[in-house]
Structure formats: C-alpha cells, structure tokens
Amino acid sequence: MEKKILFPQIGGLVHGGDYNPDQWLDRPDILEEDVRMMKKAGVNCVTLGVFSWAAYEPEEGNFHFEWMEKIIEKLYQNGIYTILSTPSGARPAWLDGRYIEAMRVDSRGVRDHHGKRHNHCMTSERFREKVAVIDRMLAEHLGTHPGVILYHISNELGGECFCPRCVQKFQMYLAERYEYDIDRLNAEWWTSFWSHHYNTFSEIEPPFENGETSVMGLNMEWKRFTTWNMNNFMQFEIDVLRSVTPDIPVTTNFMGLFGGLDYRKMAPKLDVISWDNYPCYHNDWETFTETMSDTAFNHAVMRSMKRGKPFMMMESTPSLVNWHKVNKLKRPGVHKLSCVQAVACGSDSVQYFQWRKGRGSYEQFHGAVVDHAGTDDSRVFRDVAEAGELLKKLAPVAGTTVSTRAALLFDWDNRWAIWDVKALGQETKKYERTCIGIWQEFMKLGIDMDVVGSDEDLSRYDVVVAPMLYLLQPGTADNLRAFVERGGQLLATYFTGYVDDAQLCYLGGFPGDGLKELFGIVSEEIDSYYPSDRNGIAMKDGSRWEVVDYAEILKVQDAEVLGTYTDDFYQGSAAVTCKSHGKGNAYYVAARTSAGEMRPLFEKMLADAGISVRKLPEGVEYHVRSGEEGSYEFYLNCNTEPVKIAGVNGLDMVTDREVREEMTLPGYGVAVIRQ
Ligand code: GAL
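Keep in mind that what you see is a predicted model, and the values were worked out from it rather than measured. (Residues numbered from 1 in each chain as written. Predicted model: local features only at pLDDT ≥ 70, side-chain atom pairs only at ≥ 80, totals over all residues. Heavy atoms only, no water.)

### What about the overall build of the protein?
Across its full length, the protein carries 17 helices and 25 strands. For 675 residues, the compact-globule estimate of 2.2 N^0.38 gives 26 Å, and the protein sits close to it at 26 Å. Taking the principal axes of the C-alpha coordinates as reference, the protein spans close to 75 × 75 × 45 Å. Put simply, 71% of the contacts in the protein that link residues at least 6 apart link residues at least 24 apart. Total accessible area on the protein is roughly 26300 Å²; 50% of this is exposed by carbon and sulfur atoms. Positive and negative side-chain charges in the protein, numbering 72 and 97 respectively, have mean positions lying 4 Å apart. (Helix = DSSP H or I, 4+ residues; strand = E, 2+ residues; numbered from the N terminus. Rg over C-alpha atoms; globule rule 2.2 N^0.38 Å. Contact = heavy atoms within 4.5 Å. Areas by Shrake-Rupley, 256 points an atom, 1.4 Å probe, with all protein chains shown as cover. Lys, Arg positive; Asp, Glu negative; His and termini not counted. Charge placed at Lys NZ, Arg CZ, Asp CG, Glu CD.)

### Concerning the side chain of E237
For E237, the location among the structural elements is in helix α8 (residues 216-244). Within the structure, E237 has its side chain in polar contact with the side chain of T86 (distance 2.9 Å). If we ignore the near neighbours within four places in the chain, the residues touching E237 are T86, S88, V131, D135, I153 and S154. (Polar contact = N/O pair within 3.5 Å; in protein donor to acceptor, adjacent residues only side chain to side chain.)

### Focus on the site of the ligand
Contacts to the ligand come from F51, R117, N155, E156, D276, Y278, E315, W323, F353, E363 and H366. Interatomic distance of 2.9 Å between a side-chain N/O atom of R117 and an oxygen atom of the ligand. Contacts to the ligand include E363, whose side-chain N or O atom sits 2.3 Å from an oxygen atom. Taken together, the residues of the shell around the ligand break down into four nonpolar, two polar and five charged. (Near = heavy atom within 4 Å. Nonpolar A, V, L, I, M, F, W, Y, C, P; charged D, E, K, R; others polar.)

### A few points about the pattern of salt bridges
Overall, the coordinates contain 46 salt bridges when judged by the stated rule. Residue D462 is joined to R486 by a salt bridge in which the shortest nitrogen-to-oxygen separation is 4.0 Å. In this pair, D462 sits in the loop between β11 (450-452) and β12 (463-466) while R486 sits in the loop between α15 (476-485) and β13 (489-493), placing the two residues 24 residues apart along the sequence. For D608, the salt bridge is made with K604, and the minimal N-O distance between the two is 2.6 Å. With D608 and K604 both in helix α17 (residues 595-608) and four residues apart, the pair spans about one turn of that helix. With relative accessibility at 39%, the residue D608 sits in the partly exposed group. (Salt bridge = Lys/Arg side-chain N within 4 Å of Asp/Glu carboxyl O. Buried < 20%, exposed > 50% of the residue type's maximum accessible area, 1.4 Å probe, protein only.)

### Quick look at the sheet that holds strand β5 (residues 250-251)
On the basis of which strands lie adjacent, the open sheet formed by nine strands has the order β5-β4-β3-β2-β1-β9-β8-β7-β6 and parallel pairing. With one partner strand each, in any of the chains shown, β5 and β6 (253-254) form the two edges of the open sheet. Relative to strand β7 (residues 274-276), β6 runs parallel, the two being bridged by two bridges. When the sheet's bridge partners are listed, N253 is paired in β7 with S274. Where helix α11 (residues 334-344) meets the sheet, its contacts fall on β8 (311-315) and β9 (347-352), and the angle it forms with β9 comes to roughly 145°. (Pairing = 2+ DSSP bridges. Axes fitted to C-alpha atoms, helices over the stretch in contact; angles between N-to-C directions.)

### Focus: the nonpolar core
Among soluble globular proteins, nonpolar side chains are generally buried collectively. In terms of nonpolar packing, the biggest core is built from 183 residues, with W355 and L408 touching the most fellow members. Residues in contact with W355, not counting those within four places in the same chain, are D18, Y19, D34, M37, M38, A41, V43, A368, V369, V370 and F381. C166, Y173, L174 and W222 belong to the second-largest nonpolar core, a separate cluster that totals 23 residues. (Core = buried A, V, L, I, M, F, W, Y, C linked by side-chain atoms within 4.5 Å.)

### With respect to the packing of aromatic side chains
In the structure shown here, the tally under the stated rule is 40 aromatic pairs. Considering the side-chain rings of W189 and Y198, the 6.1 Å spacing of their centres and the 80° angle between planes classify their relative orientation as edge-to-face. The class for W189 is buried, based on a relative accessible area of 4%. Here F297 and W439 contribute two aromatic rings whose centre-to-centre distance is 5.6 Å and whose plane-to-plane angle is 80°, an arrangement assigned as edge-to-face. In this pair, F297 sits in helix α10 (residues 288-305) while W439 sits in helix α14 (residues 431-444), placing the two residues 142 residues apart along the sequence. Of the two residues, F297 and W439, both sit in the buried class. Cation over ring: R356 sits above W24, and NZ or CZ is 5.8 Å from the ring centre. (Phe/Tyr/Trp six-rings, centres within 6.5 Å; stacked < 30°, edge-to-face > 60°. Lys NZ or Arg CZ within 6 Å of the ring centre and 35° of its normal.)

### Examining the environment of L150
Tracing the sequence through the fold places L150 in strand β4 (residues 148-152). In this structure L150 comes out as buried when scored by relative accessible area, which is 0%. A sequence separation of 130 residues divides L150 from C280, and the C-alpha atoms of the two residues are 29 Å apart. Those residues in contact with L150 that lie beyond four places of it in its chain are F7, T82, I83, L84, I248, P249, V250, T251, V272, M312 and M314.

### Considerations on helix α3 (residues 66-77)
With twelve residues, α3 should cover 16 Å at 1.5 Å per step; its first-to-last C-alpha distance of 16 Å lies within 8% of that length. Residues of α3 that are buried: W67, M68, I71, I72 and L75. Angular distribution of buried residues about the axis of α3 spans 135°; they occupy a single face of the element. The exposed set on the far side of α3, more than 90 degrees from its buried face, consists of K70 and Q77. Two residues or fewer past α3, G79 is found with a positive phi of approximately 80°. (Expected span 1.5 Å × (residues − 1). Arc of directions from axis to C-beta.)

### A closer look at the sheet that holds strand β24 (residues 657-665)
Each strand in a sheet pairs with its neighbour through backbone hydrogen bonds, running either in the same direction (parallel) or in the opposite one (antiparallel). One open sheet accounts for five strands, arranged β21-β22-β25-β23-β24; its pairing is antiparallel. In this open sheet, the two strands that pair with only one neighbour each are β21 (620-627) and β24. Neighbour-to-neighbour, the strand axes of this sheet turn through a mean angle of 25°, independent of strand direction. Taken together, the eight bridges between β21 and strand β22 (residues 630-637) define a ladder with antiparallel strand orientation. Residue pairing across strands places V620 opposite N637, the latter belonging to β22.

### Concerning the environment of Y470
Note that Y470 resides in the loop between β12 and α15. Sequence separation of Y470 and G514 is 44 residues, and the distance between their C-alpha atoms is 14 Å. When neighbours within four sequence positions are excluded, Y470 is seen to be in contact with N414, A417, I418, V421, F495, T496, G497, Y498 and V499.

Structure representation (structure tokens):
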C-alpha cells in the first residue's frame with residue numbers, strides 16, 4: 001500500500017495550531033518568545049490569519065501584508081511551516097458599514113447587525129468581490145512564500161441566510177433542479193396537501209420560521225441548496241487562490257457531525273479533509289470511554305471522506321474550552337491519549353486552538369498551549385511538549401492509512417429527513433446515536449468501519465450495516481442489491497426504505513424500491529414505544545434481546561426467521577430475519593435493541609466475510625494504520641487503571657521496547673506497535 005504523505009516539507013506528523021500574532025503586534029518580545037517556545041514544544045506548523053482581515057485591510061483598499069510576511073519568514077527560518085487561512089470568517093466593521101448586504105438575514109427575516117463571525121451572506125456579490133480582492137492579494141503576498149504549505153478556507157463554514165438575494169438564488173436553483181417544470185416540483189413536494197400548490201418558482205419562499213415549514217420536500221431542498229450555495233462560495237475562494245498559487249493544496253475545517261451542511265458534497269473540492277475536535281471529556285452523562293469512542297466515530301466520518309489518504313485534526317484544545325456547559329480540565333495523561341487517538345484513527349496532524357491565550361474578549365479563557373502566565377513551565381505546556389516528542393517518534397506513521405472491509409451507511413439526506421419527519425416518537429428518533437452505537441460495537445471487535453454515504457461504491461466492502469435507512473437515494477437499493485449478490489453481508493433495521501429522495505412514500509409496501517425482495521419481508525406497521533415500554537426478541541440461538549422505542553410488524557415472504565417478538569399483540573411474529581443470496585446475506589432487524597445485543601449477528605457477518613476480530617479488554621481502543629513499510633497497531637487505554645493486553649508482538653514506538661505476547665498499559669496509556 002502506497003504512502004500518501006500530506007506534506008513532504010514536514011516529512012512526518014504535523015504538530016501545531018492556530019496562532020494569532022495579530023493580537024500581539026505591539027509586543028515584539030512576546031512574538032520572539034513564541035518562536036522559542038514553539039520549538040521547545042515540538043511545533044512544526046501553525047495556522048495563521050484565520051481572522052486577520054482587519055489587520056490586513058484596516059480601511060477599504062488599504063492593504064498591509066508586510067507584518068504577516070515577516071512572521072511567516074521568521075517561523076520558516078525556525079523550521080515552522082504555515083497553514084494560511086483566508087480571512088473571510090469574520091468581517092471588519094467598515095465592510096459591513098458600507099456593504100450591508102454582506103450581513104445575513106435570519107429565519108424570521110431579520111438582518112443581523114455587524115458583529116461576531118461566520119455569519120456572512122454566501123450569495124452577496126459585493127461580499128464576494130471584497131473576498132476576491134483580499135484572497136488574491138493574500139495569495140500574491142503570502143501564498144508564494146515557501147513556508148506556506150496549505151490554504152485553510154475561511155473558518156468552520158456553516159449557517160443559513162434568508163436575505164432576498166438568497167431567496168432569489170434558491171428559486172433559480174429550484175428552477176434548474178426541476179428543469180423549469182413547476183408541475184414536477186408540485187408533484188414531488190405533494191403540494192396538493194393543504195392547498196400548498198405553487199404556480200411559479202418565484203412564489204417559493206425558503207422555510208422561514210414564521211412561514212412554510214410543513215412541506216418536507218421544501219425543507220430538504222433548502223438544506224441541499226444551503227450546502228450547494230456554501231460549496232459554491234468555498235469553490236469561489238479556492239478558484240481565486242488557485243489562479244495565483246495553483247500548487248498549494250486547500251482544506252476547510254469541518255465540525256464533526258455538524259448537521260447544517262452535507263460535508264460529503266464539499267469533500268471532493270478539497271485536497272485534504274480537516275476537522276475541529278472538541279469532545280466534552282470527563283462529563284457527568286457518559287463514561288470517559290464513551291466520550292473517546294464517540295470521538296473515534298467522528299474521526300472515522302472524516303477519514304472516510306477521502307479514503308486512502310490521511311486527514312487532519314485541525315483544532316483541539318490542549319487543556320479546556322470555554323464554551324462547554326462545564327469547562328473541565330483534561331486530566332493528566334488525557335492530552336497524550338487524545339492526540340494519539342487522532343493519529344490512530346488516521347489523522348496526520350495534532351493541532352490546537354490555540355497557541356497563546358489572548359488577554360481579552362470572548363476567548364480570553366479558552367485553553368491554549370501558553371497561558372496568561374506566559375511560561376513554558378506549566379502542566380499544559382509540558383503535556384504539549386511531550387506530545388510533540390512522541391509525534392516526532394511516530395513520524396513513520398505519516399502517510400499510512402486505516403483500511404477496512406466493513407462500512408456503516410450514514411447519510412446526511414437521511415439524517416435531515418429523519419429529523420423532519422412527523423412520525424415515530426419525536427424524542428426517540430436518535431438516528432445518529434443508533435449509527436454510532438453500532439459503529440462502536442464493531443470497534444469493540446477491533447473493526448474500524450468506514451462511514452459512507454448511501455450512494456457510495458460498496459464494492460470494496462464485505463460487511464455493510466445500514467441502520468434506519470428511511471430515505472433511499474436513487475440507486476441506493478441497486479447498490480445494496482449488487483453488494484449482497486456479490487456475496488456481501490448486509491444488515492438493515494426498522495425504518496428502512498419508506499421514502500424516496502423527494503420524501504414521497506413508496507407504494508406497495510416497505511422497504512421500497514425492490515428492497516422487500518432483497519430482504520424477503522414486508523414491514524406492515526411500526527409501533528413507537530413510550531420510554532417505559534419494553535418488548536423482547538427470542539432469538540433462535542436461545543438468547544433474548546430487549547426491544548425499546550420501535551418495533552415493526554413484519555410479513556415474511558421468503559426469509560428465514562431468526563428471532564420473534566416475545567410480547568404484545570404481535571408476540572411470536574418475526575423480528576429478525578435473514579435472506580440468503582448465494583454467499584451473500586441480507587439481515588433485517590425490525591426493532592430497536594442495543595448494539596451490544598446484536599453483537600452475535602455482527603460476529604457472524606464478519607466470520608462469513610472472512611474478517612477476523614480482535615477482542616480487547618473493556619475500555620481499550622484498537623486501531624491499525626498501514627502503508628508499504630508495514631503496519632502500526634495502536635492501543636489506547638481509556639481506563640484510569642492499568643490493563644493487560646494479550647497477543648501483542650512488535651516494537652512499541654512509545655516506550656522503544658519490544659513486546660512479546662503480553663503488555664501492560666498504564667491508566668490512559670498508549671502503545672504503538674510497529675509490525
Ligand atoms: C472553533 C473555532 C476557533 C475557536 C475554537 C474554540 O470552533 O474554529 O476559531 O473559536 O472553536 O474552541
């Protein structure tokens with residue numbers, strides 16, 4: 001397997017983070033000290049200029065890049081590379097004062113005042129003109145510096161704008177999408193309901209909070225449009241940069257499972273995927289292991305957007321944030337553990353927000369490598385320097401990837417449709433949690449599933465789980481059928497195949513689009529439970545699963561029944577089925593049970609696919625990265641107590657010791673075994 005190293009200039013893993021020297025331009029002594037301390041902390045790259053518009057262009061047309069050029073040069077001379085951001089994430093006051101259209105309009109039709117950040121109108125021509133000017137100058141003045149290795153587009157793109165320009169653009173988008181055929185739109189949006197018929201595209205408004213929110217097709221198209229328009233804005237910034245410096249790769253920092261944009265539609269425009277990782281460590285509603293494994297899932301979502309290539313953890317905190325409900329410090333050992341987790345899951349970078357704490361404003365108490373005390377003799381600084389040392393040792397891992405033959409289908413359109421659907425229990429839909437729970441159960445078996453969209457090529461996988469796939473994209477059913485017919489092991493659950501991509505219900509029985517035949521069942525009804533309601537499933541192997549939240553009543557056509565309901569008026573009817581297609585199997589689990597209870601089915605699917613599992617002690621994560629020179633096994637002990645792990649052989653790159661058969665990992669300890 002070929003290595004895909006992201007930055008040959010660095011030649012290893014990236015260590016660094018957001019650096020805001022523009023907040024310290026009157027303190028050259030501090031800027032000097034920063035470079036010394038960065039070297040001490042093993043920092044080899046910083047992200048510059050994320051919010052520097054007002055410093056670059058304090059008045060319209062009056063540009064100053066010289067201060068930043070000096071900083072980039074100084075860092076470069078000291079072996080520190082730059083990720084250069086475009087400054088479009090926050091606008092100077094003069095810009096909003098002069099070009100009011102740059103400010104967003106909210107979902108009640110009220111225009112924002114100037115302030116905050118991440119809140120521009122993606123459509124405004126004036127705003128785009130201003131961005132084009134500054135991005136071009138940025139590329140010309142700074143992008144040509146040899147220290148600049150990556151562009152970072154804007155910051156955490158997201159949000160919606162309901163201004164008249166966006167409304168008009170939405171109407172044009174719809175006209176093109178529906179090929180100027182308003183009858184087709186009316187049919188697909190089922191507007192004969194409640195007299196919601198449109199005569200022209202210009203009558204359509206987005207789903208204003210105080211307007212039309214009862215047409216599912218409209219709500220979905222507005223979300224798709226918002227992604228399309230944001231993507232269009234991002235591409236516009238990329239085009240400007242590429243016209244000056246075509247060889248510098250680009251990224252933008254995603255926000256994990258943020259639901260406002262379909263990141264998969266944006267990924268192809270980026271050279272590398274990056275994301276900002278801020279778990280709520282040590283909270284009081286879940287175990288630390290659970291927090292860690294939720295993070296692992298997020299990493300997998302990012303990794304899977306560009307398979308075969310490392311991603312970047314663009315931001316994380318070295319200690320605490322200032323915006324969680326409770327801002328708790330990372331306990332000793334957790335910093336290293338979380339850094340190694342990112343690498344284990346396929347990241348080639350560990351980056352922080354931020355290098356140095358500012359003195360004032362909103363983020364003055366957000367964690368940073370250097371605190372207000374300004375010293376390198378602090379717990380956090382030592383933790384970061386220790387991580388820096390370790391990342392240097394792990395340099396050979398850079399460019400290797402996590403590869404897997406198992407995938408979980410997790411679809412953005414499906415997410416949006418489930419959020420919006422008026423059905424089930426409004427508080428128990430839990431699409432994300434259901435997907436994450438199943439993914440984590442596979443992780444406990446040592447399997448790092450890819451997380452893919454329902455329209456993606458499944459030919460590289462042998463095991464696919466598609467939970468609650470309520471909405472089917474065109475082609476999804478064919479994709480699943482081809483997968484099973486090729487010998488794949490597929491598992492679907494209750495609430496599969498109810499609607500097409502316009503959210504129109506399939507007629508003739510669920511799951512639609514030919515999936516009834518694939519699974520050999522028809523789902524006739526779905527029962528939603530109150531939180532205290534329970535049912536059970538008696539499995540053929542003698543085990544009993546507990547049912548919560550949802551239970552579908554099935555009519556079995558030609559599938560084998562593996563489990564039946566134990567209670568209620570559908571007692572004895574099928575709850576778990578399997579239909580074989582040659583070597584392929586299509587499992588259907590008609591009710592919500594815990595992922596742990598489904599584990600034997602997962603194990604059977606993996607065994608039938610010839611994939612071996614690796615069972616580890618409770619609370620230990622296991623990930624493997626591989627490349628042409630071999631592979632690296634990562635073991636992360638998320639427990640506070642030491643654990644013994646058997647069946648480990650090779651050189652531990654953390655301790656530089658050879659491990660034979662068994663090792664003991666201390667609480668929060670990590671090992672990286674080179675094979
Ligand atoms: C991120 C953002 C950073 C910083 C950080 C604080 O969402 O990109 O600029 O605000 O949060 O946690």
